[in-house]
Amino acid sequence: MDSSSRPTISILDGRYELTLLALTSHEDSFDIAYSVTPPLPEGPEGQSPVLLVIEAQDDLGNEYGDWGGAFGLSDDGTRTEGEISGQPGLPAAARTLLVRFTVLRGGEENAYDLSLPIPNID
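Rules used throughout
- Residues numbered from 1 in each chain as written.
- Predicted model: local features only at pLDDT ≥ 70, side-chain atom pairs only at ≥ 80, totals over all residues.
- Heavy atoms only, no water.
- Helix = DSSP H or I, 4+ residues; strand = E, 2+ residues; numbered from the N terminus.
- Rg over C-alpha atoms; globule rule 2.2 N^0.38 Å.
- Buried < 20%, exposed > 50% of the residue type's maximum accessible area, 1.4 Å probe, protein only.
- Contact = heavy atoms within 4.5 Å.
- Areas by Shrake-Rupley, 256 points an atom, 1.4 Å probe, with all protein chains shown as cover.
- Lys, Arg positive; Asp, Glu negative; His and termini not counted.
- Charge placed at Lys NZ, Arg CZ, Asp CG, Glu CD.
- Salt bridge = Lys/Arg side-chain N within 4 Å of Asp/Glu carboxyl O.
- Pairing = 2+ DSSP bridges.
- Axes fitted to C-alpha atoms, helices over the stretch in contact; angles between N-to-C directions.

K.L.:
Could you clarify how one ought to interpret the overall build of the protein in this entry?
P.N.:
The secondary structure content of the protein amounts to zero helices and eight strands. Its helices and strands in sequence order give the protein the pattern β-β-β-β-β-β-β-β, from N to C terminus. Its C-alpha atoms give the protein a radius of gyration of 14 Å, within 12% of the compact-globule value 14 Å for 122 residues. Over its C-alpha atoms, taken along the principal directions, the protein stretches across nearly 45 × 30 × 25 Å. For the protein, with 122 residues in total, the buried portion stands at 36%. Counting only contacts in the protein whose residues sit at least 6 apart along the sequence, the fraction spanning at least 24 positions is 53%. Accessible surface for the protein amounts to roughly 6800 Å². Of this, 46% is attributable to carbon and sulfur atoms. Taken together, the 6 basic and 21 acidic charged side chains of the protein have centroids lying 7 Å from each other.

K.L.:
So what exactly am I meant to see when it comes to the pattern of salt bridges here?
P.N.:
If charged atoms from side chains of opposite charge come close, those side chains can pair. Inspection of the entire model under this criterion finds four salt bridges. Among the ionic pairs, Asp113 bridges to Arg100, the shortest N-O distance being 2.7 Å. Of this pair, Asp113 sits in strand 8 (residues 108-117) while Arg100 is found in strand 7 (residues 96-105), placing the two residues 13 residues apart along the sequence. On the accessibility criterion, Asp113 (41% relative accessible area) is partly exposed. In the salt-bridge network here, residues are joined through shared partners; they are Asp76, Arg79 and Glu81.

K.L.:
Which parts of the structure should I look at to understand the sheet that holds strand 1 (residues 8-11)?
P.N.:
Sheet strands pair by backbone hydrogen bonding; their relative direction is either parallel or antiparallel. Strand order across the open sheet formed by eight strands is 1-2-3-6-5-4-7-8, with antiparallel pairing between neighbours. Looking at the sheet topology across the chains shown, the edges are occupied by strand 1 and strand 8. Within the sheet, the average angular offset between the axes of one strand and its neighbour, ignoring direction, is 25 degrees. Looking at chain direction, strand 1 and strand 2 (residues 16-25) are connected through four bridges and run antiparallel. Looking at strand 2, one finds that Ile9 is bridged to Leu18.

K.L.:
Looking at this structure, how should I read the pairing of strand 3 (residues 30-37)?
P.N.:
For a regular strand, the rule is simple: side chains alternate between the two faces of the sheet. Strand 3 sits mainly inside the fold: seven of its eight residues count as buried. In the sheet, strand 2 pairs with strand 3 via eight bridges, with the strands oriented antiparallel. Paired with Leu18 across the bridge in strand 3 is Val36. If you look at the hairpin formed by strand 2 and strand 3, you'll find four residues sitting between the two strands. By the bridge criterion, seven bridges tie strand 3 to strand 6 (residues 80-87) in an arrangement that is antiparallel. Among the inter-strand pairings, Asp31 is bridged to a residue of strand 6, identified as Ser85.

Below you can see the structure in the form of structure tokens.
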């Protein structure tokens, strides 16, 4: 995704923006790099009280589940940067991935759907 086509959505009552930076495909999984601005709050011992999970479906009807991820404060402290993974891997014939991002916070769930182009993996 180039910087002009990076999908951005408002999350958590419009107080934060989630921006998708890249979709990278691997043989057995895929990764979505993202940032959240301003940075997510930290709880005890540096843990965030906010958790992001995904589920997805491609344009061929294949379904994908969350495979974990990691995030942390950016070097300049202005945003949270992270990467979340899904599996299994994406087939070469798939062109679009509909991803449901679910933000978990304080026992509440808020879901957001975004459609992402799948990079050519031939």
